[in-house]
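Letter by letter, the chains look like this.
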Amino acid sequence: MIHNIVKYSRKFIFPLTLILSPKGRGKGEGVSSYMKFQKIPWLYIIALLFLCAIFTIYPASAYTQDKAKEPQEYNFVEIKALEGYAQVQRPGSSEWESAVKGEKLHTQDKIRTLIASMAELVYPDDTTLILRENSNLTIQDISMDPKSKVKKRELKLNLGGMKYKVTHIEEKGSEFKIQSSTAIVGVTGTEGTIISGGNGKPTKNILTEGATYNTDENGLNGRPLNAGNTWVIDEA
């Protein structure tokens, strides 16, 4: 590699020195200047540094461009706003910690709101969840296949109420599900409110825009629901 760099230094740097040097521009000065270039070691050093800089900058710029083309991260939901008091529980921990605005939640994280409190959660595609007071939510799954771009997002509303506004899902095979102890709501690009009594108590889905497909907790007894309607399932 060093041999190639020296070879290129003679090929490219020497003509450059002739152009920049006033003495090298006159007729008949080319051979003399070339001989001086061959005999002065520091010119080789300049040539090596110049070529090394070129070979270093080019891969770095190519790497930056490749990173810019990478798909956006989709494996989190961010706490965008908080009112009152909310807490977060991480997988494997029995402790609840104070939620912080800007904090990111991932698969199997839990968040709960206390009395007179609210938490707004936003996905990278602007899907928005507003968790009402005295509510408890588990982030069951947030994942995306890097090749097919198929997204899987599942939530479980253990208790309380949550307003959802889900950005239209375009990728074939992607899914967005909201579960409770008695129901599963499949969402494709919809706005509504789901209320869970918890522990086998009734679940209510109030749809204001779009459509959902609703089943019991086992994925059975399904029925579609259109905007302006309410669906209630009251048996576990």
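Residues numbered from 1 in each chain as written. Predicted model: local features only at pLDDT ≥ 70, side-chain atom pairs only at ≥ 80, totals over all residues. Heavy atoms only, no water.

### Thoughts on the environment of glutamate 191
Part 1 of the reasoning: Assignment of secondary structure puts glutamate 191 in strand 12 (residues 191–196).
Part 2 of the reasoning: Classification of glutamate 191 by relative accessible area gives buried; the value is 16%.
Part 3 of the reasoning: In sequence terms glutamate 191 and alanine 227 are 36 residues apart; their C-alpha atoms lie 8.5 Å from each other.
Part 4 of the reasoning: Here glutamate 191 is in contact with Lys163, Tyr164, Lys165, Leu207, Thr208 and Glu209, once residues within four sequence places are set aside. (Helix = DSSP H or I, 4+ residues; strand = E, 2+ residues; numbered from the N terminus. Buried < 20%, exposed > 50% of the residue type's maximum accessible area, 1.4 Å probe, protein only. Contact = heavy atoms within 4.5 Å.)

### Thoughts on the pattern of salt bridges
Part 1 of the reasoning: Following the criterion strictly, the structure yields 7 salt bridges and no others.
Part 2 of the reasoning: A salt bridge links arginine 90 to aspartate 109; its shortest N-O distance comes to 2.4 Å. On the criterion of sequence distance, the pair formed by arginine 90 in the loop between strand 2 (86–89) and strand 3 (97–98) and aspartate 109 in the loop between strand 4 (104–105) and strand 5 (110–113) is long-range, its members being 19 residues apart.
Part 3 of the reasoning: A relative accessible area of 3% means that aspartate 109 is categorised as buried.
Part 4 of the reasoning: Between arginine 153 and aspartate 125 there is a salt bridge whose closest N-O contact spans 3.0 Å. Separated by 28 residues along the polypeptide, arginine 153 in strand 9 (residues 151–165) and aspartate 125 in the loop between strand 6 (118–122) and strand 7 (128–131) bring together distant segments of the chain.
Part 5 of the reasoning: Three or more residues are tied together by salt bridges with common partners; here these are Arg90, Glu103 and Asp109. (Salt bridge = Lys/Arg side-chain N within 4 Å of Asp/Glu carboxyl O.)

### A look at the pairing of strand 16 (residues 230–233)
Part 1 of the reasoning: Residues Trp231 and Ile233 point to one face of strand 16 and are all buried, whereas Thr230 and Val232, pointing to the other face, are not buried.
Part 2 of the reasoning: Of the pairings in the sheet, the one linking strand 13 (residues 203–209) to strand 16 comprises 4 bridges and is antiparallel in character. Note that in strand 16 the partner of asparagine 205 across the bridge is tryptophan 231. (Pairing = 2+ DSSP bridges.)

### Points about the confidence of the model for the protein chain
Part 1 of the reasoning: Per-residue confidence for the protein chain gives a mean pLDDT of 80; residues scoring 70 or more make up 69%.
Part 2 of the reasoning: pLDDT under 50 marks residues 18–26. Its contacts with residues more than four places away, or in other chains, come to 8 contacts.
Part 3 of the reasoning: With pLDDT under 50 throughout, residues 60–71 is counted as low confidence; its partners more than four residues away or in other chains account for 2 contacts. (pLDDT = per-residue confidence, 0-100.)

### Thoughts on the pairing of strand 9
Part 1 of the reasoning: Across 4 bridges, the pairing between strand 7 and strand 9 is antiparallel. By the bridge assignment for strand 9, isoleucine 130 is matched with lysine 163.
Part 2 of the reasoning: Hairpin geometry of strand 8 (residues 136–144) and strand 9 is characterised by an intervening segment of 6 residues between the two adjacent antiparallel strands and by a positive phi of about 65° at lysine 149.
Part 3 of the reasoning: Where strand 9 and strand 12 come together, 6 bridges link them in antiparallel fashion. Residue lysine 163 lies in a different strand from strand 12, and its bridge partner there is threonine 193.

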